[in-house]
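The primary structure of each chain is shown beneath.
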Amino acid sequence: MDQALIQGCGLKKYYQSGNTRTAALNGVNFSLQRGAFTVLAGRSGSGKTTLLNMIGLLDRPDEGSLRIAGEDVLAISRRQRANFRLRRIGFIFQAYNLIRVLSARENVAYVQQLRGMKKKQRLELADYWLAQVDLAGLGDRRPDQLSGGQQQRVAVARALASQPEIILADEPTANLDSHNGESLMALMRRLNERENTTFLIASHDPVAMDAARELVSMQDGVMIDRVLRE
Amino acid sequence: MNTVIYLRLGVGNLWLHPTRTGLTLLALVIGIGALGFLSAMMNGMMTNMKSNFVLNEMGHLQIHAKGFEQQRKIELHLNNTETIDAMLAQTPAVRAWSHRLRVSGMASAAGSSATALISGIEAEQESRVSRLREFLVQGAWLRPTQLRDAVLGKVLAERLRLDIGDKLVLMAVAPDGDVMSEVFRLRGTIASGAMEMDNTTVLINLKAAQAWMNLGAGVTDVVIRCRSFADVNPLAQQLRQQLDGHDVEVLRWMDIDPMAEQWTRFNDAYSWVIMAVVMIVILAEVLNTMLMSMHDRLHELGLMAALGTSQGAMFAMVIWETLVLVTLGGVLGFALGYAFTAWYAVHGIDLSRYAEAFSFMYIEPVVYPAMEWQQTLHMMGAALSGACLAGMYPAWQASRLDPVQAMRE
Ligand SMILES: Nc1ncnc2c1ncn2[C@@H]1O[C@H](COP(=O)(O)OP(=O)(O)O)[C@@H](O)[C@H]1O
Ligand SMILES: [Mg+2]
């Protein structure tokens, strides 16, 4: 059997606020196969973002181990982590996904630019992915000229354009109405099936949970349930 | 490698807040423009002062018998100047030279008398070396063949209550120790604005002076005018070598009177202080603008860091933005300063209200500002390195940004 793409063991993360110490993650064991389309559900404050940030190498656990594609990602330097994110992870956030002064096309191409891809090539690639997320022809628009749903699609295009091993999405539908939320989820699901890109989506939005192929539930920093829904 | 995008982001982010950016730019433009203009004005004044200082009377270089400058005794004179004249005739850096015989003595007329610095000069040749003749305010210049002609400083002539054509008696001690007196007629008066000169100067023909003092072809000074200030040092060095062993001293203008040189130095130092103060104010403004801009974009900076933008790139991005701002302000500021300079270079800045104070320092009351390339480059360099410095702190903050914290609402 294939090795799991992500393998987290005994992950713990504490936050100190005043005299009280809260455990945002309280011993999470978590693994994810390549090609998964998993929604991480749970109430607000249950630790979803914390776990996602850990897997996205934006944050480090206080205890536990974490391997991505077999690599011990807790052992690498800050610089290597940034490089790992750049080359192997796609991000979709709840809001503020785009750089304001760049056009949609340039936003999609930004990661390729950091990776050193030639201008013509990366802009062509950006146009291709904008078309894939049904935004063909809107490449010249600035983020403030796009609706919330369109902005999230640009973020999806950016994440996919870099062909990462995994796309992490944190509450991607939170700022959308249910119609736009549904179509965004449908889009990601479609791309997951077609491109076989792995998605891990943190959301407490029922619309997002409905689209999941696998649903993982969290509560108070631990995983309480895991169901395949296909 | 990714300079283009950071430049683009820098410009774009500045454009996001046109008012804020505009105000900062305005401060930069006015500050740098004023700085450029003021330094051009200072340059104009200093150049004016230096050349007045030298051209009024002194010349760029003087050759004396050794020790004359210190002792000012007529015994220390050059018996003849043939060797020196031949040498100067072959030196391209020399524009013109003339001979003088200087002696201090007394001038008297109708019961009043005053100390006088008497100079025998070559009436025609002197005009090629100094501006003495241009200072003529009354009467006429010395006639080379009229050995009784005398031209006096205006104040001195007034003190002796002399009118044009009046007789005066000059008295001085000749090298052999005899007190010699001779009668002259006032031919004209000069006013340079320099007090000492107008109070004491008496000009007569060199031949008259030589005959009066029994000196034959002897002179005390060979006064040299160079083609430019840049020639002064090399020429002095060359002449010192060539005249080694001749028992003469070759003095540069700043050796003769260090005042003007000191003034120039002082002015340079003063300009640096003003520049530093203006730069600090400007850069505080830039720093403030950058910190505000960063604060506004915290989420976005967090996003960029999360996507994998390296720390170095985050740092560079902020520095570039600062540089764009300061370069724009600098270029516009210098353009403004240059425009003012160009206008006043033609029309002059009339400071005649303060002329009394200035004439003492050999500065004419109308100043023509002049921008110096090198100085402009220095200031631009200072502004840009200052910009880097001011950008350093926000850039350092950006590079250390924790994306998780930055993106948290
Ligand atoms: N930087 C932080 N400082 C203090 N407490 C934090 C911080 N980040 C998260 N927490 C706490 O950790 C817990 C889990 O937060 P989070 O992972 O954001 O949950 P979710 O994304 O499921 O809403 C919450 O109780 C939250 O208050
Ligand atoms: Mg969350």
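The notes below deal with the structure included here. What you see is a predicted model; the values in this text were computed from it and never measured.

## Concerning the site of ligand 1
Every residue lining ligand 1 is accounted for by Tyr15, Ala24, Arg43, Ser44, Gly45, Ser46, Gly47, Lys48, Thr49 and Thr50 of chain A together with Gln405 and Arg408 of chain B. Proximal residues around ligand 1 fall on chains A and B, making this an inter-chain site. At 3.0 Å from an oxygen atom of ligand 1 is found a main-chain nitrogen or oxygen belonging to Gly47 of chain A. At 2.8 Å, a side-chain N or O of Arg408 of chain B approaches a nitrogen atom of ligand 1. Here ligand 1, which alone exposes 550 Å², has 72% of that area covered by the protein. A total of 3 residues in the shell around ligand 1 trace back to one element, the largest contributor, which is helix α1 (residues 48-55) of chain A. Residues that form the shell around ligand 1 fall into these classes: 2 nonpolar, 7 polar and 3 charged.

## Digging into the packing of aromatic side chains
Per the counting criterion, the structure on display carries 9 aromatic pairs over all chains. Judged by centre distance (5.7 Å) and plane angle (80°), the ring pair of Phe229 of chain B and Trp253 of chain B falls under edge-to-face. Taken together, the residues span a long stretch of sequence, with Phe229 of chain B in the loop between β9 (221-226) and α9 (232-242) and Trp253 of chain B in helix α10 (residues 253-256) at a distance of 24 residues. Geometrically, the ring pair formed by Tyr393 of chain B and Trp396 of chain B is stacked, given 6.4 Å between the ring centres and 25° between the ring planes. Of this pair, Tyr393 of chain B and Trp396 of chain B both sit in helix α15 (residues 373-399), separated by 3 residues, roughly a single helical turn. A relative accessible area of 41% means that Tyr393 of chain B is categorised as partly exposed. Grouping aromatic residues by their ring pairs yields a cluster made of Phe37, Phe340 and Tyr344 of chain B. Stacked on the ring of Tyr14 of chain A, the Lys or Arg Arg21 of chain A has its end atom at 3.9 Å from the ring centre. Directly above the ring of Phe229 of chain B sits Lys50 of chain B, whose terminal nitrogen or CZ lies 4.7 Å from the centroid.

Conventions used here
- Residues numbered from 1 in each chain as written.
- Chains lettered and ligands numbered in written order.
- Predicted model: local features only at pLDDT ≥ 70, side-chain atom pairs only at ≥ 80, totals over all residues.
- Heavy atoms only, no water.
- Near = heavy atom within 4 Å.
- Polar contact = N/O pair within 3.5 Å; in protein donor to acceptor, adjacent residues only side chain to side chain.
- Areas by Shrake-Rupley, 256 points an atom, 1.4 Å probe, with all protein chains shown as cover.
- Helix = DSSP H or I, 4+ residues; strand = E, 2+ residues; numbered from the N terminus.
- Nonpolar A, V, L, I, M, F, W, Y, C, P; charged D, E, K, R; others polar.
- Phe/Tyr/Trp six-rings, centres within 6.5 Å; stacked < 30°, edge-to-face > 60°.
- Buried < 20%, exposed > 50% of the residue type's maximum accessible area, 1.4 Å probe, protein only.
- Lys NZ or Arg CZ within 6 Å of the ring centre and 35° of its normal.

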